Amino acid sequence: GAGVSQSPRYKVAKRGQDVALRCDPISGHVSLFWYQQALGQGPEFLTYFQNEAQLDKSGLPSDRFFAERPEGSVSTLKIQRTQQEDSAVYLCASSPVPGLAEDTQYFGPGTRLTVL
Amino acid sequence: SQQGEEDPQALSIQEGENATMNCSYKTSINNLQWYRQNSGRGLVHLILIRSNEREKHSGRLRVTLDTSKKSSSLLITASRAADTASYFCATPRMDSSYKLIFGSGTRLLVRP
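Residues numbered from 1 in each chain as written. Chains lettered and ligands numbered in written order. Predicted model: local features only at pLDDT ≥ 70, side-chain atom pairs only at ≥ 80, totals over all residues. Heavy atoms only, no water.

Draft legend 1. Spatial organisation of the environment of Gln14(B). All names here are of chain B. Checked against the element boundaries, Gln14 lands in strand S2 (residues 10–14). The class of Gln14 is partly exposed, set by a relative accessible area of 32%. In this structure, the C-alpha to C-alpha distance between Gln14 and Gly59, residues 45 residues apart in sequence, is 19 Å. (Helix = DSSP H or I, 4+ residues; strand = E, 2+ residues; numbered from the N terminus. Buried < 20%, exposed > 50% of the residue type's maximum accessible area, 1.4 Å probe, protein only.)

Right, here's the structure in full:
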């Protein structure tokens, strides 16, 4: 079946613009995660959804970052008033069950955001 | 913050050789996972080893875990050019197990 998809794959924004990044998880997956990956680094956790409930947003860097999953499937990560330090690859992952330590997370290809 | 640190940061080998990557972590873990990331692609889960396991195999992959040293190693045998990728170790936090903490990765280049 289809994996996790993300769009757009690449986004260039001028500093101060708002951006919206979309994630389509694997159908039926309960858990959805967003990660931020800076160049040359490993991914860092941003936020976690279980169905439509955002259970953990402790990794969001600032209040300019906002994520939603209103119907428990597709999720959008929105960044307001983008800044250069927001430039990174944003990865979405999903897993079939509520987050457990041994769940395998299935990652999408990511959206590479460049803020000029 | 990064939980794991991979060593080496970069590794270049000839096709057919074995590649060994190491990961050290800081806190107690339930399990440790290894992921691969190809250029332009997302992360792919490779293997999970539980804290009560010492060694695990999957195809050409062999993972070891030493909880006393808080370290793990990933061995890829008979490497292929297609193994060229970045490899990351990741551990779930004990207090919020859905939250994977990744290391900084090892960039592996397999020369044909």
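That was the structure; now back to the text.
Draft legend 2. Representation of the interface of chain B and chain A. Contacts between the two partners involve 23 residues from chain B, matched on the other side by 24 residues from chain A. Both sides of the chain B and chain A interface together cover about 1,800 Å² of buried area, and 48% of this is carbon and sulfur. Asp56(A) is paired through a salt bridge with Lys99(B); the nearest N and O atoms lie 3.3 Å apart. The interface formed by chain B and chain A holds five residue pairs in polar contact (both at pLDDT 80 or more) in total. When contributions to the side of chain B that touches chain A are tallied by element, the ones reaching two or more residues are strand S4 (31–37), strand S5 (43–50), strand S9 (85–92) and strand S10 (100–102) of chain B. (Contact = heavy atoms within 4.5 Å. Buried area = accessible area lost by both parts, 1.4 Å probe. Salt bridge = Lys/Arg side-chain N within 4 Å of Asp/Glu carboxyl O. Polar contact = N/O pair within 3.5 Å; in protein donor to acceptor, adjacent residues only side chain to side chain.)

Draft legend 3. View of the sheet that holds strand S3 (residues 19–24) of chain A. All names here are of chain A. An order of S1-S3-S8-S7 is seen for the four strands of this open sheet, with the pairing classed as antiparallel. In the strand order of this sheet, the two ends are held by strand S1 (5–7) and strand S7 (65–68), each with one partner. The sheet shows a mean angle of 15° between the axes of neighbouring strands, direction not considered. Pairing of S3 with strand S8 (residues 75–79) involves five bridges; the strand directions are antiparallel. Paired with Leu21 across the bridge in S8 is Leu77. (Pairing = 2+ DSSP bridges. Axes fitted to C-alpha atoms, helices over the stretch in contact; angles between N-to-C directions.)

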